[in-house]
Structure formats: C-alpha cells, structure tokens
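Chain residues, written in single-letter form:
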Amino acid sequence: MRLIFFILLICSNIALLNGQSVNLEQPSKISHRYFTSQELDSLVHTIARQAFRDNKVPDSHFEKQYEIIKPLLNGYIFPKLKEQFRITEFYNEQTIAGYRDPKKFTLLKNQYLKHFQRIVYNEIYENENLSWALNFNTNDRIVHFHSDVTVAQNGNLEIEETITIYNGDGEGNKLYANGSVLAAGTDNNAIQRGIIRGFPTDYEYPSGFVKRVPFEVLKVTRNGKDEPFHMENGIEGELIYTGDKDIFLETGFHIYTIRYTTSEQINYFDDVDELKWNVTGNGWIFTIDSASCKINFPENANVVNSVCYTGPQGSYDSNCNSTESKSGTIAFRTTMMLPSYEGFTIGVHWAKGVFSQPSAISSAIKFWCDNLPFLIGVITLLLISIIDFLIWKRHGKDPAKGVIFPLYEPPAGLSPAATGFIYNQKFHYRHASATILDAAVNQIITIDVTESDSIFKSTEYKISPGTKKSSDFKPGYETHAGSVVQLSGKPIAAGTYNSSLASFTTDLSKSLENKYQADSGKKNIANAMFDMNSRFNRPGSLVLVISLIGIVVTLIYLGSFLLTVYSLILFFSALTIHLIYCSIMKKYTSEGRKTMDAIEGFRMFLSTTEKDRYNLMNPPKQTIQLYEKYLPYAVALDVANEWSEQFESILAAASVQENYQPTWYRGFSGSSTRSMQSAMASSFASSFAGTISSSSTPPGSSGGSSGGFSSSGGSGGGGGGGGGGGW
C-alpha cells in the first residue's frame, strides 16, 4: 500500500510540474476511505466556484479561468490538505474505524469537509499567486472598446464603435479592491439604464475662434438588437443616451454598437494628409480593459507613417502597437488597461492626392458659419455705420452756418435758460442755476450763503424774496421768476434732497422742451429751434436689438470665452457708434439755425478775454451793471469764468473805491476781489450748479445730465474623442 501511495505521489508531482490537471490522491492512510479522487476534484471545483460567486464573479468567467489555474490550485492545496488530514486522524482515532460504522461515517466525513473547505478558501483569498488569475472586476467598466473607421474618398468618416461593457451592481468585489494588480478602477454603479457616449463637435483654436464638425448617429444596437437612444447637447458636443428611461439594464456583459458619420476631420498639409483620431476619448469615468481601432482607407491611399498614444490628456505614453495590412487597413491595439479619464489616440499620415482639399471659399464660408456670433458682430458694426451715416446725412445734418460775428446782447426774448438750452440742445442743471441767478440779479430774490467751519467744507444756499416782484420783469421774457420765489425758505445743500428744487428743475426742463424742442410726437411747433429726430434712430436701434439676440443665442451653441469677448467688443463698438449718431441726429430748424448763429455770436462776446481782441469788437462800455446783467447768460453758456475775467479790474476798483457788494448775494467770506468774482461767477457755474444737481436727485436713483502630428500632442489630441458614463 505504501509503495502504491509513493508511486502515485511522484506521478502527481510530475504532472503538476508539467502544468497538467491532476486529481488529489489520498494524502493519508484513512482519508481515501471517505473521499474518492473524483469527489476531491469535484469538491475543489465546487468550493472555488462558490467562493467567487460570493464575490460577484460570473460562472462563465470562472469556468474559463478554472481550467488554467486548476493545477496551481491543486498544487497549493495538496500539501496543506495532507498535513491537516494526518492531524485529524492522529487526534481522532475514530476516523480510522469510523468508516465501518454507517452512523458515524457522515459525522466523521463532515470533519474532513470542514478542514477541506477552509483550506481551499484560504488559498483562494490569501494566495497572491492565485488571486490575480481568479480575480474579476465587478464594477461598471468597459471590457473592450473597438472602433472601426472607414475613410471615404470625399474625406467623410463612417465609424462603428463596438463597446463591450460589464454592468455591475455597485457592491464591488473584495478581491478586486484588495491586492489585485488591476485595482485601479472605479467602484460605482453608474450604469442603470445604459451608457452615455459623448462626442465632441466644437473645437477651439488658440485664437479663440471655434470649429464645429458635422456629426450624425445612424444606428445604436445592444447585444445585436436595435437599442432606443436619444440625443442631448453637451458642453462641447453631443451626448448619446442609450436605453430607455423606464427600463433598467440587467447585471452582466452587454455589447453596444454605435454607428455614426462625421466629416472635416482630415488635416491637409503641403506634403501629407493626416487623420489624428482620439479613439476612446479621455472623458470616460470607467476603466477600459482594452481598446483597438482599425482604419480603412481608399485603395489608392499610401500610408507614410503612424503613431498611437495612451494615457491622460497630453500624455505621450505608447502602451499600444499597430499592424498595417496590404488591404488598405491599419490596426491599432492597446497593450495595457486604461484607467478612468485616460484615452487611446492614433495618428496616420498618407501621401497627398487621395482626397480633394476644400477650396478657400468653402473654408471661409465654413469658418464664418462656425463663428456666427463674430459674423453677426461684424455685420452689425457695418450696418450701423452705414445706416446711421445715411440717415444722419439725410435727416440730421444741420443747415449751413451763417457768418458768425460778435453780438453784444442775446437774441431777443430768450432767457438765460432758453439760450443755454438751445445752444446745448438739451437741458443741463446749470440752466436752472442761471435762472435762479437771473432772478437774483433782477432783485426778485436774494441768495444767502453759509459756509461751515468743519474740516470738510460745505456750503448751504438759502433763497429769500428780494425787493422786486416777479411781475416787474419785462413782458415776453421767460423768467420762471414765480417758480424761483417758491424756493424761498428751504436750504439748498449738496447731497441733501430738496423736493421743491427737484420740481422746479423738472418743470423748467419740460417748459424748455415744449417750447423749443421738436420730436416725433411734436413735429409742428411754431417756435421749435431744433428737432431731436429720435424717430430716425429706430432703424439702428432695431438692428442692435436683433444683433444682440442673435449673438446671445448663437453663443449658447457656439461659444468660447475669446469668441464671446470678440463678439461683444464688436457689438459695443456698434452701440457706441449708434449713440454718437443719436447725439448728433438733432437738427436745427431754419429759424433755430439763425438763432444759434446769434447765440454763438453772443457767446463769442462773453468768452473773449484777450483785451486787444475784445477792443477790436467795439463792445459796449464795461460796467458793473453790464457784468451783472449778462452773468446769468454766461453761466448758462458755461463761460462764467471768462466773462468774470473781463471785469476783473473794474470789480477790483469798485470794491476799493465804491465798496461794491452785490445786493443779491450775501454771506460770502472771501475778502479779495478775485474771491468775490469766484463767488459771483464760478460758484454758480460749478458749485451752485452741482449743488442743484445733487439736491434735485432722490436717493437711490441716477444723477442728472453731465458732460510632429498636428493638433494637441499625445493622448487626447485630434478629432473624435469625448468620453462617457452611465445613466
């Protein structure tokens, strides 16, 4: 018996060394009474299969791998099993005689089975030489990704992607997560209904302009049968959602095929043409166990050279190889697994002459279509420039000026505010201050000034009734004196809202507009001096509105940061041009042009400070009365400082000889003549006007009027690409 056992032991070791499948021979003198060789083989298989079922390994995968590792598994189990059975028989003498008693046989055999199962499980879970072979990744993943690319004579591509996935249940695999050389995967359960395949269609040049390539899905199948799918817009392209939202995908292997067409993927150079194709894309959340690609060229294509890259975006790793056949195809295959967000990219150069390069005209048309927001901006800028210029030339050009010469009095019947309003063609707060000053000079009111002694100097103005009444003004003269008197008693200070002053400036502005300004709704005003012509601004405004809508809508689909900047620069340039034309679209009437000529002549008289030039005008004699009379006009026409400078010596002499002090202006603390001039003129031209502006504006509102291979290198470059996930 010992001789037979020894011979069997030698034979089993020889078979193990030769890599052949062997049966466990009885490792002890008694155990063979409890187990036959067939039982031991079956038990090893059954226990191993159950162990890997517990770890989500499909039976089909286990059976395939078991035939390979069976000799290794038996070889590791045999010594430990032999030793354990001997220990069992040494400490339990009943095992020797127990097999003769049917009642004890089952009980004693279970003791052997318990040790046997423990030894097999320990080897499977703890022996590193076995775990790598029997391991299985039960996470969601791509088992194999194959792309079959056919390049047509016209340069279009038809691609059929075969994506074999394993849909896990999200519970993971202990062996895969602990100690496996393949443990760089994603432990997730992203695939519920199907996979998402993203395909980029929008590419950005370094200049910021974009290129959009055509893309059309022809068919999607799963496991050989048509699969429902729908499309959604992604950030840089299209997303293909496979499956039905109401149907969940069963766990296990599934083979998807996605067939689609695309074009404009070929790069044309002087010496070669090129296809740089990102086979898998670098955006998959899953690991890809292996990937391959086959490029089918037209028969007359002559491949010059080829490359392939693997890894994250921009990587130049080449864990891949290629094989070129005589039938006009070249095949690429990865040699290592691709972890999440790593891709597989290939590049092929072939001799010129196979494909016709697009013409310059078609390329230009395609460029403008791809960068439609920029095109809209260019067209808008041109249209606004042309339309507004033609409209301005026809409707907004003022009548020709007459001969401008100095006049020594304002146009008859025009108040300071009316004179300034016609000159500026709009209302300004200095026109209100000129009106108040005019009432003060004519002694209808008196202005008292109080200056604070604090570090931050502030001035407060208070109006009180003067020695004359508003009815004393000459007839036909628009003074608004009655309204000015209504301001009495309420202080006017910068930053403090004065409702009475706000009403006064509003009423004054409307009064001037109604009397001297014509517009689309008031075409036939007898005394109108100018027409706003705002109705002629509408075509340009309509172009801008349509343009802005077009730019915003197209940027949603064709946007890049720099393209957005370019488009908005063009739009705001057009808007600026339009606003300029709107401001110069105002047109003087024939009567208004004559009046404006007179105002400019009068302003020439008020603003001339050079003595010699002033004397050549043959002006009236300079007196304090003349100074005070036209000071409100100088304020309204924004030349108060120049007008005061002409009377500097006269005011100085009057101050010394006659102790001159204006009766309508009290409380100023300055002692010098120049300071007094500044108080009477500059203060009202700037400080007082500014005070009126801020005091007339309610809090929270805006203020009033006032003046190798191409593309990116390595993995992830070229056309194609994208990535995906599950849903």
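The preceding data block contains the structure.
Note that this is a predicted model, so its numbers are computed, not measured.

Caption draft 1: Spotlight on the sheet that holds strand β23 (residues 530-531). With respect to topology, 3 strands assemble into an open sheet ordered β22-β23-β24, the strand pairing being mixed. The open sheet has two edge strands, β22 (517-518) and β24 (587-588), and neither has a second partner. Pairing analysis gives 2 bridges linking β22 to β23, with the strands arranged parallel. When the bridges of β23 are listed, Q517 appears paired with F530.

Caption draft 2: Seen up close, the pattern of salt bridges. Counting across every chain of the model gives 13 salt bridges. R141 is the salt-bridge partner of D289, the closest N and O atoms lying 2.7 Å from each other. Placement of the pair is D289 in the loop between β13 (283-284) and β14 (291-296) and R141 in strand β1 (residues 141-151), with a sequence separation of 148 residues. In this structure R141 comes out as buried when scored by relative accessible area, which is 6%.

Caption draft 3: Layout of the pairing of strand β18 (residues 343-351). Where burial is concerned, most of β18 is hidden: 8 out of the 9 residues are buried. In this sheet, β18 lies alongside strand β12 (residues 272-278) in antiparallel orientation, the contact comprising 7 bridges. Bridge pairing in β18 links L275 to V348. Across 8 bridges, the pairing between strand β15 (residues 303-311) and β18 is antiparallel. Bridging from a neighbouring strand, V307 pairs with G347 of β18.

Caption draft 4: Up close: the packing of aromatic side chains. Summed over all chains, the structure comprises 28 aromatic pairs. Between F530 and Y588, the ring centres sit 6.2 Å apart and the planes meet at 80°, which makes this aromatic pair edge-to-face. Of this pair, F530 sits in strand β23 while Y588 sits in strand β24; the two residues are 58 residues apart in sequence, bridging distant segments of the chain. The residues F530 and Y588 share a single accessibility class, namely buried. Following the ring pairs from residue to residue traces out a cluster consisting of Y408, F602, F605, Y627, Y630, Y633, W643 and F647.

Caption draft 5: Up close: helix α10 (residues 416-424). Most of α10 sits inside the fold, with 7 of its 9 residues counted as buried. All buried positions along α10 are accounted for by P416, A417, A418, T419, G420, F421 and I422. Directly beyond the C-terminal end of α10, a positive phi value near 60° is found at Q425.

Caption draft 6: A look at unusual backbone geometry. One non-glycine residue, N223, adopts positive backbone phi at about 55°. Assignment of secondary structure puts N223 in the loop between β6 (215-222) and β7 (225-226). Positive phi, normally seen in glycine, also occurs at D638, with a value near 65°. A residue is classified by how much of its surface remains accessible, and D638, at 42% relative accessible area, is partly exposed.

Caption draft 7: Structural view of helix α16 (residues 590-607). Here α16 contains 18 residues, and its C-alpha end-to-end distance of 26 Å stays within 8% of the 26 Å for a straight helix at 1.5 Å per residue. Among the residues of α16, G592, R593, T595, M596, D597, A598, I599, E600, G601, F602, F605 and L606 are the ones counted as buried.

Caption draft 8: Examining the pairing of strand β20 (residues 459-465) more closely. As defined by bridge partners, strand β19 (residues 445-451) adjoins β20 across 7 bridges and the pair is classed as antiparallel. When the sheet's bridge partners are listed, T450 is paired in β20 with E460.

Caption draft 9: Focus on the sheet that holds strand β3 (residues 195-200). Ordered by their spatial adjacency, 5 strands build an open sheet running β8-β9-β3-β27-β13, and the pairing between neighbours is mixed. Pairing within the sheet leaves two strands with one partner each, and these edge strands are β8 (229-233) and β13. Both β8 and strand β9 (residues 237-242) contribute to a ladder of 5 bridges, which runs antiparallel. Across the sheet, residue E232 finds its bridge partner in β9, namely L239.

Caption draft 10: Geometry of the side chain of T280. On the secondary structure map, T280 appears in the loop between β12 and β13. For T280, a relative accessible area of 0% translates into the label buried. Within polar-contact distance, the side chain of T280 engages the backbone nitrogen of F344 at 3.0 Å.

Caption draft 11: Inspection of the environment of S607 at higher detail. Along the chain, S607 turns up in helix α16. Residue classification places S607 among the partly exposed residues on the basis of a relative accessible area of 25%. Measuring from C-alpha to C-alpha, the distance between S607 and E642 comes to 5.0 Å, with 35 residues separating the pair along the chain. Excluding residues within four positions of it along the chain, S607 makes contact with V639, E642 and Q646.

Caption draft 12: Representation of the packing of α10 against helix α13 (residues 499-516) within the structure. Where α10 meets α13, the axes come as close as 11 Å, and the angle between the chain directions of the two elements is 65°. Between α10 and α13 lies a crossing whose hand is right-handed. Across the interface between the two elements, A417, A418, F421 and I422 from α10 touch L508, L512, E513 and Y516 from α13.

Caption draft 13: Structural context of a nonpolar patch on the surface. Together, V545, L548, I549, V552, V553, I556 and Y557 make up an exposed nonpolar region whose accessible area comes to about 640 Å². Tracing the sequence through the fold places V552 in helix α14 (residues 538-558). Judged by its relative accessible area of 43%, V552 is partly exposed.

Caption draft 14: Inspection of the side chain of H431 at higher detail. Counting through the fold element by element, H431 comes out in helix α11 (residues 429-441). Ignoring any residue separated from it by four or fewer positions in sequence, one finds H431 in contact with A417, G420, F421, N424, K426, L508 and A636.

Caption draft 15: Up close: the nonpolar core. One finds I436, I445, L606 and W643 to be the most contacted residues of the largest nonpolar core, which totals 54 residues. Dropping the residues within four chain positions of it, W643 is found in contact with F605, L606, L626, Y627, Y630, L631 and A634.

Caption draft 16: The packing of α16 against helix α18 (residues 624-636), seen in detail. Following both chains from N to C, one finds α16 and α18 inclined at 110°, their axes separated by 11 Å at the closest point. Taken as axis vectors, α16 and α18 run roughly perpendicular relative to one another. Handedness of the α16/α18 crossing: left-handed. In this structure, α16 contributes F602, F605 and L606 to the contact, and α18 contributes Y630, Y633 and A634. Among the residues forming the contact of α16 with α18, the class breakdown is 6 nonpolar, no polar and no charged.

Caption draft 17: Region of interest: the environment of G243. Along the chain, the position of G243 falls in the loop between β9 and β10 (252-262). We classify G243 as buried; its relative accessible area is 7%. Sequence separation of G243 and E227 is 16 residues, and the distance between their C-alpha atoms is 6.1 Å. If sequence neighbours within four positions are ignored, G243 has contacts with R193, E227, P228, F229 and W727.

Cut-off values and rules
Residues numbered from 1 in each chain as written. Predicted model: local features only at pLDDT ≥ 70, side-chain atom pairs only at ≥ 80, totals over all residues. Heavy atoms only, no water. Pairing = 2+ DSSP bridges. Helix = DSSP H or I, 4+ residues; strand = E, 2+ residues; numbered from the N terminus. Salt bridge = Lys/Arg side-chain N within 4 Å of Asp/Glu carboxyl O. Buried < 20%, exposed > 50% of the residue type's maximum accessible area, 1.4 Å probe, protein only. Phe/Tyr/Trp six-rings, centres within 6.5 Å; stacked < 30°, edge-to-face > 60°. Expected span 1.5 Å × (residues − 1). Polar contact = N/O pair within 3.5 Å; in protein donor to acceptor, adjacent residues only side chain to side chain. Contact = heavy atoms within 4.5 Å. Axes fitted to C-alpha atoms, helices over the stretch in contact; angles between N-to-C directions. Left-handed = near helix turned anticlockwise from the far one by under 90°. Patch = residues over 30% accessible without salt bridge, like charges linked within 9 Å, V, L, I, M, F, W, Y side chains within 5 Å. Areas by Shrake-Rupley, 256 points an atom, 1.4 Å probe, with all protein chains shown as cover. Core = buried A, V, L, I, M, F, W, Y, C linked by side-chain atoms within 4.5 Å. Parallel < 35°, antiparallel > 145°, perpendicular 65-115°, else oblique. Nonpolar A, V, L, I, M, F, W, Y, C, P; charged D, E, K, R; others polar.

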